[in-house]
Protein chains: 2
Amino acid sequence: MQALLLIAHGSRRAASNDEVRDLAKKLAHVAGDRYELVAPAFLELAEPDIPGGVDQCVAAGASRVIVVPYFLSAGRHVATDIPNELEKARQAHPDIPIQQSDYLGMHESIPEILLMLATKSVD
Amino acid sequence: MQALLLIAHGSRRAASNDEVRDLAKKLAHVAGDRYELVAPAFLELAEPDIPGGVDQCVAAGASRVIVVPYFLSAGRHVATDIPNELEKARQAHPDIPIQQSDYLGMHESIPEILLMLATKSVD
């Protein structure tokens with residue numbers, strides 16, 4: 001059973017964290033049966049944290065966890081902080097493969113999406 | 001002549017700001033002749049700032065500027081700070097329409113892109 005953990009930075013603003021939770025729900029819908037579980041987790045300022053999010057996936061029966069960073073740039077958070085948190089999760093669950101994907105900002109479709117946003121605002 | 005101004009938060013990390021500048025170049029490529037100019041600007045910590053970015057567009061001949069926030073959530077930056085900066089730009093250029101589009105995180109394709117990132121990391 002494969003789980004997808006969507007990692008956001010986390011905000012002091014509850015509505016921003018709720019946006020991420022809603023996004024995880026939409027992602028679960030799009031994923032269909034490719035991921036039996038899709039859940040959000042936060043690097044800081046909101047719950048669950050990343051090891052807690054992995055715990056939830058494993059408790060729900062995940063035999064593998066794919067971690068997708070909802071981040072725009074390859075900064076310290078993506079390069080260091082998330083991997084450090086995942087290392088803690090791996091120590092707690094040594095038999096569960098936990099993989100970090102590319103972050104959102106790296107996807108090749110981002111320029112096209114930005115262009116669509118611009119165009120839509122003019123129509 | 002229509003310009004597209006891509007607004008990022010700005011970072012103390014130069015490489016993150018350069019990622020945004022590179023993204024603006026890719027966006028210019030994708031935009032083709034729909035926008036005669038595509039330029040980056042930053043809310044803080046990097047140059048140009050937003051009024052400075054609008055100034056550049058107008059100096060290059062823009063008769064309209066579409067502003068696309070490269071942000072993930074509808075926080076204070078998108079709701080208040082960017083509009084405040086755009087108001088300054090409008091006072092400097094009262095004859096130029098300046099429109100703010102939806103921010104990146106609002107786009108309906110984001111869940112699908114996150115799913116593609118997850119899937120790609122497994123292949």
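Residues numbered from 1 in each chain as written. Chains lettered and ligands numbered in written order. Predicted model: local features only at pLDDT ≥ 70, side-chain atom pairs only at ≥ 80, totals over all residues. Heavy atoms only, no water.

S.K.: Can you help me understand the layout of surface pockets in this one?
M.R.: To find leftover empty space, a probe the size of one water molecule is rolled over the atoms. The computed volume of the largest pocket comes to approximately 1,600 Å³. Looking at the largest pocket, it is lined by 49 residues, and the ones nearest its centre are His9(A), Phe71(A), Leu72(A), His9(B) and Leu72(B). Breaking the lining of the largest pocket down by element, the ones donating at least two residues are helix H1 (14-31) and helix H3 (76-92) of chain A together with helix H1 (14-31) and helix H3 (76-92) of chain B. Here the lining of the largest pocket is built from residues that sort into 21 nonpolar, 18 polar and 10 charged. Approximately 190 Å³ is the volume found for the second largest pocket. Around the second largest pocket sit 13 residues that line it, and Glu19(A), Leu23(A), Lys26(A), Gly105(B) and Met106(B) are the ones nearest its centre. In terms of residue count, the dominant contributor to the lining of the second largest pocket is H1(A) (five residues). Of the residues that constitute the lining of the second largest pocket, the class distribution is seven nonpolar, two polar and four charged. (1 Å grid on protein atoms, 1.4 Å probe; cavity = no way out; pocket = protein on both sides within 12 Å on 5 of 7 lines; lining within 4 Å. Points joined across faces, edges and corners; volume = space filled by probe spheres on them. Helix = DSSP H or I, 4+ residues; strand = E, 2+ residues; numbered from the N terminus. Nonpolar A, V, L, I, M, F, W, Y, C, P; charged D, E, K, R; others polar.)

S.K.: Sorry if this is basic, but what is going on with the sheet that holds strand E3 (residues 64-69) of chain B here?
M.R.: The strands that make up a sheet are held in pairs by hydrogen bonds between backbone atoms, and each pair lies either parallel or antiparallel. All names here are of chain B. Overall, parallel pairing links the four strands, which are arranged E2-E1-E3-E4 in an open sheet. This sheet does not close on itself; its edge strands, each paired only once, are strand E2 (37-42) and strand E4 (98-100). Neighbour-to-neighbour, the strand axes of this sheet turn through a mean angle of 25°, independent of strand direction. Here strand E1 (residues 2-8) runs beside E2; their pairing, made up of six bridges, is parallel. From the neighbouring strand, Ala8 faces E2, where its bridge partner is Phe42. Along the sheet face, helix H2 (residues 50-59) touches E1, E2, E3 and E4 and points at about 160° away from the line of E1. (Pairing = 2+ DSSP bridges. Axes fitted to C-alpha atoms, helices over the stretch in contact; angles between N-to-C directions. Contact = heavy atoms within 4.5 Å.)

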